[in-house]
Amino acid sequence: MSTIKERGITFPADVVTRSNLELMKTFDIRDDDIMLVTYPKTGTWWIHQVVKQILASEGIQDEKYLGDFPNLLEFTIPGKGPIVELFKTAPSPRVLATHVPVEFLPSGLLGSKAKTVVLMRNPKDTAVSTFKFWQKVPEVKTPESWDSFVEQYLAGDCPWGPFYDHVLGFWKLKDHHNILFLKYEDMKKDLPAEVRKLSSFLGRPLSEEAVQAVVGATQFDSMNKTVGQKNGLWTRKGIIGDWKNHFSDEQSRAFDDQYRDRLSNTGLEFEFE
Ligand code: A3P
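Within an unreviewed UniProt entry, the label attached to the protein reads Sulfotransferase, and the organism entered is Branchiostoma belcheri. The protein has a UniProt comment under Sequence similarities (unreviewed entry) that states "Belongs to the sulfotransferase 1 family."

Structural data, given as structure tokens:
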């Protein structure tokens with residue numbers, strides 16, 4: 001994978017350019033924008049579909065032109081150009097998404113009335129999902145083995161930066177009133193509860209019937225049929241705890257040590273099963 005490095009963070013050069021990152025910084029935020037933030041492989045498509053369905057229950061259709069490409073603000077869509085440019089003229093409310101670390105966000109976002117949703121997932125399942133994804137995507141140089149991947153991941157040598165820097169960068173903003181933090185594991189365990197929380201946060205509370213409709217359209221089996229069919233890249237197993245099928249005891253301990261090192265006393269924690 002050819003990469004660029006910007007302020008110490010690695011990005012895949014085939015989809016993220018320096019100029020996109022520059023344009024993102026000055027991207028004009030509207031008060032009714034919804035910004036979805038995820039570290040790669042933590043449920044980007046899932047949260048996006050949930051928000052889309054919440055809007056759909058009010059009859060609002062999300063932008064159509066992105067097709068089966070993730071609508072990450074930092075991306076260039078082959079043949080269509082930088083998403084930051086495409087979004088300039090998109091109708092409100094815009095559903096924006098990004099994987100960038102906090103310091104790369106549009107500078108006007110946090111001072112605006114726009115709502116930001118940060119979705120996080122436990123690092124072990126995120127690592128497995130990343131490894132499997134890299135194996136499927138030809139542009140990414142696949143690690144020689146799971147073992148070498150684990151070393152790379154623990155060293156933080158990942159596109160969009162190390163996992164912990166990313167989540168902690170956002171977690172510092174945990175008391176910001178326009179940011180909602182959600183976890184993949186909570187969505188998996190009780191999707192209706194998280195849909196209710198999210199829709200209220202967005203100022204679009206749903207009837208119980210509408211909650212059930214959103215849940216029906218966004219649970220794994222449904223998304224496996226819709227989003228999953230696009231190119232086989234965006235859904236895989238969709239479970240908590242797949243890491244147990246991949247990690248050796250030693251690797252698991254190394255992850256646990258890093259987890260304790262980085263997260264103790266931060267108030268941020270994850271469920272692993
Ligand atoms: P796995 O590889 O562990 O299955 P992203 O969209 O950020 O690339 O994240 C992809 C991960 O989210 C994949 O995890 C995928 O299966 C999972 N996923 C996608 N839709 C989901 C859903 N409706 N429910 C649970 N997991 C989902």
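Don't stop here, the text continues.
*Asks:* Can you explain the overall build of the protein? Please cite residues and give values.
*Replies:* Secondary structure summary: the protein contains 12 helices and 8 strands in total. Taken against the 2.2 N^0.38 rule, which gives 19 Å for 273 residues, the C-alpha radius of gyration of the protein at 18 Å falls within 12% of a compact globule. In terms of overall dimensions, the protein has a C-alpha envelope of 50 × 40 × 40 Å along the principal axes. Residues classed as buried in the protein amount to 54% of the 273 residues present.

*Asks:* Tell me about the site of the ligand, residues and numbers included.
*Replies:* Around the ligand there are 18 residues in total, and Thr44, Ser129, Tyr184, Lys237 and Gly238 lie nearest to it. Here an oxygen atom of the ligand and a backbone polar atom of Gly43 are 3.1 Å apart. At a separation of 2.7 Å, an oxygen atom of the ligand approaches a polar side-chain atom of Arg236. The protein chains hide 98% of the 570 Å² of surface that the ligand would expose on its own. Among the secondary structure elements, those contributing two or more residues to the shell around the ligand are α2 (44-56) and α10 (220-225). Sorting elements by how many residues they give to the shell around the ligand places α2 first, with 3 residues. Taken together, the residues of the shell around the ligand break down into 6 nonpolar, 8 polar and 4 charged.

*Asks:* Report on the pairing of strand β6 (residues 95-98), specifying residues and quantitative values.
*Replies:* Residues Val95 and Ala97 line one face of β6 and the alternating positions Leu96 and Thr98 line the opposite face, and both faces are buried. In this sheet, β6 lies alongside strand β3 (residues 34-38) in parallel orientation, the contact comprising 4 bridges. Along β6, the bridge assignment pairs Ile34 with Val95.

*Asks:* Report on the sheet that holds β3, specifying residues and quantitative values.
*Replies:* The strand order β6-β3-β7-β8 describes an open sheet built from 4 strands, whose pairing is parallel. The sheet is open, and its two borders are formed by β6 and β8 (179-183), each paired with just one other strand. Shown here is a sheet whose adjacent strand axes are inclined to one another by a mean of 20°, direction ignored. Pairing between β3 and strand β7 (residues 115-120): 5 bridges, direction parallel. Residue Thr38 lies in a different strand from β7, and its bridge partner there is Leu119. Sitting on the sheet, helix α8 (residues 191-201) is in contact with β7 and β8, with an inclination near 170° to β8.

*Asks:* How would you explain the packing of helix α5 (residues 146-154) against helix α12 (residues 249-263) if you had to name every residue and give the values?
*Replies:* Put simply, α5 and α12 touch, their axes get as near as 11 Å, and they point 10° apart. Looking at the two axes, α5 sits roughly parallel to α12. Between α5 and α12, the residues in contact are Trp146, Asp147, Val150, Tyr153 and Leu154 and Gln251, Ala254, Phe255 and Gln258, respectively. Considered class by class, the residues forming the contact of α5 with α12 number 6 nonpolar, 2 polar and 1 charged.

*Asks:* Give me helix α4 (residues 123-136): which residues, what numbers.
*Replies:* Here α4 contains 14 residues, and its C-alpha end-to-end distance of 20 Å stays within 8% of the 20 Å for a straight helix at 1.5 Å per residue. With 11 of 14 residues buried, α4 lies mostly within the body of the structure. Within α4, the full set of buried residues consists of Pro123, Lys124, Asp125, Thr126, Ala127, Val128, Ser129, Thr130, Phe131, Phe133 and Trp134.

*Asks:* Tell me about a negative patch on the surface, residues and numbers included.
*Replies:* A grouping of Asp147, Glu151, Asp249 and Glu250 is seen on the molecular surface, where their side chains present a negatively charged patch. Among the elements of the structure, α5 and α12 are those that each provide at least two residues to the negative patch. Following the sequence through the fold, Asp147 ends up in helix α5. By relative accessible area, Asp147 is classed as partly exposed at 47%.

*Asks:* Let's hear about the packing of aromatic side chains: which residues, and what values?
*Replies:* Given two aromatic rings, one states the distance between the centres and the angle between the planes to describe the pair. For the structure on display, the rule yields 21 aromatic pairs. Ring geometry for Phe133 against Trp234: centres 5.5 Å apart, planes inclined by 35°, an arrangement best described as tilted. Residue Phe133 is found in helix α4, and its partner Trp234 is found in the loop between α11 (227-231) and α12; the two are separated by 101 residues along the sequence. Trp234 matches Phe133 in its accessibility class, with the two residues each being buried. Measuring from ring centre to ring centre gives 5.2 Å for Trp146 and Phe247, while their planes differ by 70°; the resulting arrangement is edge-to-face. One end of the pair, Trp146, is in helix α5; the other, Phe247, is in the loop between α11 and α12, with 101 residues separating them in the sequence. On the basis of relative accessibility, which here comes to 12%, the residue Trp146 falls in the buried class. Three or more aromatic residues link up through ring pairs in this structure, and these residues are Phe131, Trp134, Trp146, Phe149, Tyr153, Trp243, Phe247, Phe255, Tyr259 and Phe272. Above the ring of Phe133, the side-chain terminus of Lys41 is found at 3.8 Å from the ring centroid.

So, how was this worked out
- Each chain has its residues counted from 1, following the order in which its sequence is written.
- In keeping with the predicted nature of the model, local features appear solely for residues at pLDDT of at least 70, side-chain atom pairs appear and are counted solely at 80 or more, and the whole-chain, interface and lining totals rest on all residues.
- Hydrogens and water molecules were not included; the side-chain quantities draw on all heavy atoms of the structure.
- UniProt positions are given in the numbering used here, feature names are shortened, and annotations may be inferred rather than shown by experiment.
- The numbering of helices and of strands both runs from the N terminus, where a helix is a DSSP run of H or I of at least 4 residues and a strand a run of E of at least 2.
- Every radius of gyration here is taken over C-alpha atoms, with the globule rule written as 2.2 Å times N^0.38, N being the number of residues.
- Burial classification: accessible surface area is computed with a 1.4 Å probe over protein chains only, and a residue below 20% of its type maximum counts as buried, one above 50% as exposed, and the rest as partly exposed.
- If a single non-hydrogen atom of a residue is within 4 Å of a molecule or strand, that residue counts as near it.
- Polar contact is the term for a pair of N or O atoms within 3.5 Å; when the atoms are in protein, one must be able to donate a hydrogen and the other to accept it, and sequence-neighboring residues count only if both atoms are side-chain atoms.
- Accessible surface is estimated by sampling points in the Shrake-Rupley manner with a 1.4 Å probe; for residues, cover comes only from the protein chains shown.
- Here the term charged refers only to Asp, Glu, Lys and Arg, the term nonpolar to Ala, Val, Leu, Ile, Met, Phe, Trp, Tyr, Cys and Pro, and the term polar to all other amino acids, Gly among them.
- Here, any two strands with at least 2 DSSP bridges between them count as paired.
- Only the stretch in contact is used when a helix axis is fitted, and all axes are lines through C-alpha atoms; the angle between N-to-C directions ranges over 0 to 180 degrees.
- It only takes one pair of heavy atoms within 4.5 Å for two residues to be counted as in contact.
- In what follows, roughly perpendicular refers to angles from 65 to 115 degrees, roughly parallel to angles under 35, roughly antiparallel to angles over 145, and oblique to any angle outside these ranges.
- Take the residue count of a helix, subtract one, and multiply by 1.5 Å to get its expected span.
- Only residues whose relative accessible area exceeds 30% and that take part in no salt bridge are eligible for patches, with like-charged residues grouped when within 9 Å of each other and nonpolar side chains (Val, Leu, Ile, Met, Phe, Trp, Tyr) grouped when within 5 Å.
- Put simply, a salt bridge is a Lys or Arg side-chain nitrogen that is within 4 Å of an Asp or Glu carboxyl oxygen.
- His is not counted here, nor are the chain ends, while Lys and Arg score as positive and Asp and Glu score as negative.
- Throughout, a charge is located at the NZ atom of Lys, the CZ atom of Arg, the CG atom of Asp or the CD atom of Glu.
- The criterion for an aromatic pair is that two Phe, Tyr or Trp rings (for Trp, the six-membered ring) have centres within 6.5 Å, with stacked assigned to planes under 30 degrees apart, edge-to-face to planes over 60 apart and tilted to the rest.
- In this scheme, the term charge over a ring applies when either NZ of a lysine or CZ of an arginine sits within 6 Å of the ring centre and within 35 degrees of the ring normal.

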